[in-house]
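Here is what each chain is made of, one letter per residue.
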Amino acid sequence: MNTPETNQKVSLGCGTLILIAIIVLIFGGSNNDSLIFTQIKEMKTELQRMSAEIQSMSTEIKGLRAALDKTQR
């Protein structure tokens, strides 16, 4: 039986390759688990620090607005 020769090419899109990379990172190896958890913990700590800094800046801005409003009246 003769089958016609086909020139079918398979191409993966960028999104597919990124998805494959994420799956490999997640399920790739347990050696990186402790490193990932450490990085997540550090990121949470940094996020908390930044949140506190933003709150401090917001309070300072409110104080400056109040002082500005008093001088403009």
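It should be emphasised that the depicted structure is a prediction, and the values quoted were computed from it without experimental measurement.

## Some thoughts on the overall build of the protein
Across its full length, the protein carries two helices and zero strands. The buried share among the 73 residues of the protein stands at 0%. For the protein, the exposed area adds up to about 7,500 Å²; of that, 61% sits on carbon and sulfur atoms.

## Remarks on a nonpolar patch on the surface
Taken together, the side chains of Ile18, Leu19, Ile22, Ile23, Ile26 and Phe27 define a hydrophobic patch exposed on the protein surface, amounting to about 630 Å² of accessible area. Its place among the elements puts Leu19 in helix 1 (residues 14-27).

## Digging into the pattern of salt bridges
Taken as a whole and judged by the stated rule, the model has one salt bridge. When the shortest N-O distance is used, the salt bridge between Arg49 and Glu46 registers 2.6 Å. Of this pair, Arg49 and Glu46 both sit in helix 2 (residues 33-72), three residues apart, which is roughly one turn of that helix. The class of Arg49 is partly exposed, set by a relative accessible area of 47%.

Definitions and cut-offs
Residues numbered from 1 in each chain as written. Predicted model: local features only at pLDDT ≥ 70, side-chain atom pairs only at ≥ 80, totals over all residues. Heavy atoms only, no water. Helix = DSSP H or I, 4+ residues; strand = E, 2+ residues; numbered from the N terminus. Buried < 20%, exposed > 50% of the residue type's maximum accessible area, 1.4 Å probe, protein only. Areas by Shrake-Rupley, 256 points an atom, 1.4 Å probe, with all protein chains shown as cover. Patch = residues over 30% accessible without salt bridge, like charges linked within 9 Å, V, L, I, M, F, W, Y side chains within 5 Å. Salt bridge = Lys/Arg side-chain N within 4 Å of Asp/Glu carboxyl O.

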